[in-house]
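Analysis of the macromolecular model
Each chain, written out:
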Amino acid sequence: MSSPIWHPFTQHALSGDAPLVLGGEGAWLQTENCRLLDAISSWWVITHGHRHPRIVEAIKKQIDALDQVIFAGFTHPPAEELAHGLIEIAPKGVAHVFYSDSGSTAVEVALKMALGFWKNRGKSRSRIIALEHAYHGDTVGTMSAGARGVFNAAYEPLLFDVVRLPFPAPGRERETLEALEADVPDAAALIVEPLILGAGGMLTYSPDVLHAMAQLCRRHGTLFIADEVMTGFGRTGTVFACNQADVTPDIICLAKGLSGGSLPLAATLCTGEIFDAHYSTDRSRTFFHSSSFTANPVACAAGCANLEIWKTEPVRERIAALGQLQEERLVRLHNDGRFENLRRLGTIAAMDLKVPDPGYLAGIGPELTAFFHARGVLLRPLGNTIYVMPPYCIAAAELDLVYDVILQAAGKFA
Ligand SMILES: Cc1ncc(COP(=O)(O)O)c(C=O)c1O
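No experiment lies behind these values; they were computed from the predicted model shown. All residue numbers refer to position in the chain's written sequence, counted from 1. Residue-level local features of this predicted model are given only where pLDDT is at least 70; pairs of side-chain atoms are given and counted only at 80 or more, and the full residue set underlies all totals for whole chains, interfaces and linings. Processing note: side-chain calculations cover all non-hydrogen atoms of the structure and skip hydrogens and water entirely.

1. Some points on the packing of aromatic side chains
Only centres within 6.5 Å qualify two rings of Phe, Tyr or Trp (six-membered ring in Trp) as a pair; their planes then separate them into stacked at under 30 degrees, edge-to-face at over 60, and tilted for everything else. Applying the stated rule across the entire model yields 10 aromatic pairs. Ring plane angle 75° and centroid distance 6.0 Å describe the contact between Phe71 and Tyr99, whose orientation is recorded as edge-to-face. With Phe71 in the loop between helix 2 (53-65) and helix 3 (77-89) and Tyr99 in strand 4 (residues 94-100), this residue pair connects regions lying 28 residues apart in the sequence. Taken together through their ring pairs, the aromatic side chains of Phe371, Phe372 and Phe413 make up a single cluster. Its end group placed over the ring of Trp118, Arg125 keeps NZ or CZ at 4.2 Å from the ring centre. Positioned above the aromatic ring of Phe413 is the side chain of Lys412, whose terminal nitrogen or guanidinium carbon lies 5.5 Å from the ring centre. For the purposes of this entry, the term helix denotes a DSSP run of H or I that reaches at least four residues, the term strand denotes a run of E that reaches at least two, and both are numbered from the N terminus. Each ring is checked for a lysine NZ or an arginine CZ that lies within 6 Å of its centre and within 35 degrees of its normal; such an atom marks a charge sitting over the ring.

2. Focus: the site of the ligand
Distances are taken per atom, and a residue is near a molecule or strand as soon as one of its heavy atoms is within 4 Å of it. The full set of residues close to the ligand is Trp44, Ser102, Gly103, Ser104, Tyr135, His136, Gly137, Glu193, Asp227, Val229, Met230 and Lys256. Polar contact is the term for a pair of N or O atoms within 3.5 Å; when the atoms are in protein, one must be able to donate a hydrogen and the other to accept it, and sequence-neighboring residues count only if both atoms are side-chain atoms. Within the contact set of the ligand, an oxygen atom lies 2.8 Å away from a backbone nitrogen or oxygen of Gly103. In this structure, an oxygen atom belonging to the ligand sits 2.7 Å away from a side-chain N or O atom of Ser104. Considered on its own, the ligand offers 390 Å² of accessible surface; in the complex 83% of this is hidden by protein. Each accessible area value is a Shrake-Rupley result obtained with a 1.4 Å probe; residue values ignore everything except the protein chains displayed when judging cover.

3. Quick look at the sheet that holds strand 2 (residues 28-31)
Pairing within the open sheet is mixed, and its four strands lie in the order 1-2-3-15. Two strands close off the open sheet at either side, each with one partner strand: strand 1 (21-25) and strand 15 (377-378). Bridge count between strand 1 and strand 2: four bridges; the pairing is antiparallel. Pairing of Val21 across the sheet is with Thr31, part of strand 2. Whether two strands pair depends on DSSP finding at least two bridges between them.

4. A look at helix 3
Each helix should span, by expectation, one fewer than its residue count multiplied by 1.5 Å. Spanning 13 residues, helix 3 covers 19 Å between terminal C-alpha atoms, matching the ideal 18 Å at 1.5 Å per step. Residues of helix 3 that are buried include every one of Pro78, Ala79, Leu82, Ala83, Gly85 and Leu86, and no others. Down the axis of helix 3, the sector holding all buried residues measures 165°, keeping them to one side. Turned more than 90 degrees away from the buried face of helix 3 sit Pro77, His84 and Glu88, all of them exposed. Pairs of residues are marked as contacts when any of their non-hydrogen atoms sit within 4.5 Å. On its buried side, helix 3 packs onto helix 2, strand 4, strand 11 (251-254), strand 12 (266-271) and helix 9 (297-312). Remark: exposure states derive from per-residue accessible area (1.4 Å probe, protein chains only) relative to the maximum for the residue type, with buried under 20%, exposed over 50%, and partly exposed in between. The arc refers to the directions leading from the helix axis to the C-beta atoms.

5. Thoughts on the pattern of salt bridges
By convention in these notes, a salt bridge is any Lys or Arg side-chain nitrogen within 4 Å of a carboxyl oxygen on Asp or Glu. Using the criterion set out here, one finds 16 salt bridges in the structure. For the salt bridge of Arg54 with Glu313, the shortest nitrogen-to-oxygen distance reads 3.5 Å. A residue pair is termed long-range when its members are at least 10 positions apart, and Arg54 in helix 2 and Glu313 in the loop between helix 9 and helix 10 (315-331) qualify at 259 residues. Given a relative accessible area of 17%, Glu313 falls into the buried group. With a shortest N-O distance of 3.8 Å, Arg332 and Asp400 are connected by a salt bridge. Of the two residues, Arg332 is situated in the loop between helix 10 and strand 13 (339-345) and Asp400 in helix 12 (residues 396-413); the sequence distance between them amounts to 68 residues. Several salt bridges share partner residues, and in doing so they unite Glu328, Arg329, Arg332 and Asp400 into one network.

6. Some words on the pairing of strand 12
Among the six residues of strand 12, six are classified as buried, and the element is accordingly described as predominantly covered. Bridging between strand 11 and strand 12 involves four bridges; their strand directions are antiparallel. In the strand pairing of strand 12, Ile252 is matched with Leu269.

7. Description of unusual backbone geometry
Note: most residues except glycine have negative phi, and most peptide bonds are trans. In this model, Trp43 sits at a positive phi of 65°, which is unusual for a non-glycine residue. Counting through the fold element by element, Trp43 comes out in helix 1 (residues 41-44). Residue classification places Trp43 among the partly exposed positions, given a relative accessible area of 37%. Even without being a glycine, Trp44 presents a positive backbone phi close to 70°. Relative to the elements of secondary structure, Trp44 occurs in helix 1.

8. Quick word on the sheet that holds strand 6 (residues 163-165)
A sheet is described by the order of its strands in space; here seven strands give the open sequence 4-12-11-10-7-5-6, paired in mixed fashion. Edge positions in the sheet fall to strand 4 and strand 6, since each of these pairs with one other strand and no more. Between one strand and the next, the sheet's axes are offset by a mean angle of 20°, whatever the strand orientation. Against the sheet, helix 6 (residues 173-183) makes contact with strand 5 (128-131), strand 6 and strand 7 (189-192), and its axis sits at roughly 155° relative to strand 6, the strand it touches most. Axis definition: a line fit to C-alpha positions, over the contact stretch in the case of helices; interaxial angles, taken between N-to-C directions, run 0 to 180 degrees.

9. What to know about the environment of Phe98
When you line up the elements, Phe98 lands in strand 4. Separated by 295 residues in the primary sequence, Phe98 and Cys393 place their C-alpha atoms 30 Å from one another. Not counting residues up to four positions away in its chain, the partners in contact with Phe98 are Val109, Met113, Ala266, Ala267, Thr268, Phe287 and His289.

10. Points about helix 12
Its 18 residues place the ends of helix 12 26 Å apart at the C-alpha level, agreeing with the 26 Å of an ideal helix rising 1.5 Å per residue. Of the residues making up helix 12, those classed as buried are Glu398, Leu399, Val402, Tyr403, Val405, Ile406, Ala409, Ala410 and Phe413. Down the axis, helix 12 shows its buried residues gathered within 155° of arc, on one side only. Facing away from the buried side of helix 12 by over 90 degrees, the exposed positions are Ala397, Gly411 and Lys412.

Quick look at the structure:
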């Protein structure tokens, strides 16, 4: 019987049946027919490995106490503990935590907070500035902030205009900063993915330009939003990418690794000033946003266990070691003419495969994905850009398997 399921980002006319996944452990997934090495952390979410025992334990314990409760006007211990823990580890300056349940909603909330801030202050600042090639999610607001293209062409009539800055590729930083300087004075906010643009192609830029962008915002009072949905919780080598640029965002968006990747949970952290702009006996200044599962207790318990793992296990050492393992394997590809733009940031490695037709719609991405799956590795290239973003528990020999299949793919496709 065919499945009634409509899968995300899947062209069903071109793809076969989805593998039935039955289990996960560490860096591995178990399907009905084979084991798959999860080299993209199940869409960038799994940080410590599938089913980390402490996260599993915390989930089991919490479900026995409280499964779900309305979060408007109520609170519960895991939400409180997690919020305090997040403020403690986040870049200095943020003081409040607003929960939601996906990266897209964390960003949507950030955009609404920014506009609410200015409206409640009686200022008509509503323009959002964003980067070329950005990706911030798939809701209407986040698509508006993200790059325009085939992914959102059908929804264009719903999207609002933003000011688009040129991507600060090495050597083009001045261009970005000059464009920002021109538009920043009366904008509501600048939103960026700090140091690396994920879905836009794993494109990296320097901490210096991140710092300079934040400074320009600060000088003009424009809110600086760091979308750390992908980068947060260690991917770039530090807990947050912003740590490397010594910037203190006004708003930080977190999701994916917040629960160690185990359950849907997101948080938008903001400064006291933004909270205060909404704090009033006048009800019309309320921050009007909610979703049914805001701060689900079980997801928050998983988030608390994640923070405990960061506190008590050598996560930073694991991340440094994984970065080194990735670097050693990338170096081996340096003189291989079938690859270009080899790059690494922390635990993330990426490379472009030189293929005759590299466009996203050309089909090379799905072909490569199928090729990798057939060889037991879960990779999901962005067109001809192959990236490796494994959970931090992956072993050297497992990473070798990933690079072996990448070399095999180069032999076939490049
Ligand atoms: C930087 C960034 N922001 C937002 C999102 C959206 O997150 P979600 O898919 O959880 O809605 C993503 C997802 O990949 C992302 O990489």
